[in-house]
Amino acid sequence: MGKTDFLSPKAIANRIKSKGLQKLRWYCQMCQKQCRDENGFKCHCMSESHQRQLLLASENPQQFMDYFSEEFRNDFLELLRRRFGTKRVHNNIVYNEYISHREHIHMNATQWETLTDFTKWLGREGFCKVDETPKGWYIQYIDRDPETIRRQQEQEKKKKQDMDDEEKTARFIEEQVRRGLEGKEQEAPVYTELNRENDEEKVVFNLNKGASTSTGPQPKPSLLGPSGLKTAGTAPTVKRKEAPPALGQSKDKKRKTALEEIIEFEEEKKKSSRTDHWLQPEIVVKIITKKLGEKYHKKKAVVKEVINKYTAVVKLIDSGDKLKLDQTHLETVLPAPGKKVLILNGVYRGNEATLEGINEKTFSATILIATGPQKGSRVEGVPYEDISKMA
C-alpha cells in the first residue's frame, strides 16, 4: 500500500483534520483553499497557482470584489429568507449560521469591513428592516416575491369577503326580528290592587327591579293607605352612594414647571435632530480605509459633492486626485483651537462655529456658535464626529 493511497493512515488523518471550520487567517479566498497551519499557508502563497490568481486579480480588483460581495449578499439573504422568513432576528445569529458552512464566502473578501456595515447597507438598499438596540442590530427580511405578494392579497381579499358575509348575516337577522315584531301587539302591563286576604299575613315589597320606565297608566290607590304608597313610591328612587376615590389619587395632577418643560423640549429636540449621516460639502476629512492602498491611507481630502447622503466625492489636498467613498471610510478632522468648524450633526447641524478647546479624556470639544439663531452660545461636550474643519 503506497503512502498516498486513499486508505493510508496519513490520508485518513488529513481528511479528519480538514473537516469543519478552520482558522480564517489561513484561508485564501482567491484560490478558495483552506490551509491548516501557518507553514501550509506560506507554501501556498509561494505556489505558482496562487501567483497566477494574484496577477488576474491585480488587473481588475474591483471586478473580483464585486463578485464576492454579490455572492456573499445573495447567500446571506437566501439563508435569512429560508431560515427565518420575515421574523425579526439578531444579525449575529444569522451570520454565525451562515459561516458554519465550510464553503461560504468570507466577509474580508467583500466591500464590507464589518457585520454592522453590512447590516446598515441592507437597510439603506431596502432588502431588510434594520433597527439598533442595546443588544445589537436586528434585521427583518422584506419579502418582495411576486408569488408571496399575490398570496397575501388573496388572504386579505378572503378575509374582507368573510367579514362582508358576517355583516350580511347580521343585517338579515335584524330584518327578520323587526318583521316578526311588527305583526305582534305590545302587551300592556296589568296592575292589580294590594289586597290582604289575611289580616295576620305580612306585606312584602320586592324592590330589586328598580324604578320603572314604562309610560303606561299609573297603579290604582292601594287599600293600605297613603303611608304604604308613599314608601313604595319613594323606595326605587333612592340613589346609591358613590364609591370614595381610591387612596393615592388626587384630582388635580401635578403640573410641570416652565423650566422642566423647557428642559424636556430641548432633550426631545436633540434626540430628533440626530441622524446617521453627517457628510457636508466643503469640509476636510481623513481617509481611514486601507482598501485603496497606502497611497491614500490617512490622507486628508475636501468633500466636493455628497451623493445619497452617505457617499461623497472627495479631492485629495496633496495630489488633487478625486475619489468616491462611503462615509464609513472617512472621519472628521479637527483644526487648531480658534479655527472655524462646521457642525455636522445634532441641534446646531449646518451652523458654523469656532473651536475653543478639546477634551481628550471624553473625546469631545467646546465650540462657540458663529451663525444661526443661537449665535454667540457656547456648547460643551460636542463629540469629535459631530464637527469638522472647514475647507
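About the criteria used
Residues numbered from 1 in each chain as written. Predicted model: local features only at pLDDT ≥ 70, side-chain atom pairs only at ≥ 80, totals over all residues. Heavy atoms only, no water. pLDDT = per-residue confidence, 0-100. Helix = DSSP H or I, 4+ residues; strand = E, 2+ residues; numbered from the N terminus. Contact = heavy atoms within 4.5 Å. 1 Å grid on protein atoms, 1.4 Å probe; cavity = no way out; pocket = protein on both sides within 12 Å on 5 of 7 lines; lining within 4 Å. Points joined across faces, edges and corners; volume = space filled by probe spheres on them. Nonpolar A, V, L, I, M, F, W, Y, C, P; charged D, E, K, R; others polar. Pairing = 2+ DSSP bridges. Axes fitted to C-alpha atoms, helices over the stretch in contact; angles between N-to-C directions. Expected span 1.5 Å × (residues − 1). Buried < 20%, exposed > 50% of the residue type's maximum accessible area, 1.4 Å probe, protein only. Phe/Tyr/Trp six-rings, centres within 6.5 Å; stacked < 30°, edge-to-face > 60°.

### Observations concerning the confidence of the model for the protein
On average, residues of the protein score 78 in pLDDT, and 80% of them reach the 70 mark or higher. Within the protein, no element has a lower average pLDDT than helix H8 (residues 226-234), which sits at 44, and none a higher one than strand S6 (residues 284-287), at 93. Scored below 50 in pLDDT, residues 220-243 shows 15 contacts in the model against residues more than four places distant or in partner chains. Confidence over residues 246-253 falls short of pLDDT 50; this stretch has zero contacts with residues more than four positions distant or in other chains.

### As for the layout of surface pockets
Looking at the second largest pocket, its volume works out to about 760 Å³. The wall of the second largest pocket is formed by 24 residues, among which Gln111, Lys324, Leu325, Asp326 and His329 lie closest to the centre. Counting residues per element, the ones that place at least two in the lining of the second largest pocket are helix H4 (61-84), helix H6 (115-125) and strand S9 (322-326). Ranked by residues supplied to the lining of the second largest pocket, first place goes to H6 with five residues. Split into classes, the residues belonging to the lining of the second largest pocket amount to nine nonpolar, seven polar and eight charged.

### Let's talk about the sheet that holds strand S3 (residues 88-90)
Judged by pairing direction, the sheet is antiparallel, and its three strands sit side by side in the order S3-S5-S4 without closing on themselves. Strand pairing shows two members of the sheet lacking a second neighbour, S3 and strand S4 (128-133), which therefore form its edges. Ignoring which end each strand starts from, the neighbouring axes of this sheet average 30° apart. Both S4 and strand S5 (residues 136-141) contribute to a ladder of six bridges, which runs antiparallel.

### Quick word on the pairing of S6
The sheet contact formed by S6 and strand S7 (residues 300-307) spans three bridges and is antiparallel. When the bridges of S7 are listed, Val285 appears paired with Ala301. Here S6 pairs with strand S10 (residues 330-332) via three bridges, running antiparallel. Bridge pairing links Val285 to Thr332 in S10.

### Looking at H4
Compared with the 34 Å implied by 1.5 Å per residue over 24 residues, the 34 Å span of H4 between its first and last C-alpha is a close match. For H4, the complete set of buried residues consists of Phe68, Ser69, Phe72, Phe76, Leu77, Leu79, Leu80 and Phe84. Looking at the buried positions of H4, the neighbouring elements they touch are S3, helix H5 (91-99), H6, S4 and S5.

### Quick word on the packing of aromatic side chains
Per the stated rule, a full pass over the model turns up 12 aromatic pairs. Consider the rings of Phe72 and Phe118, whose centres lie 5.0 Å apart with planes at 65°: the pair is edge-to-face. Separated by 46 residues along the polypeptide, Phe72 in helix H4 and Phe118 in helix H6 bring together distant segments of the chain. Accessibility assignment for this pair places Phe72 and Phe118 in one class, buried.

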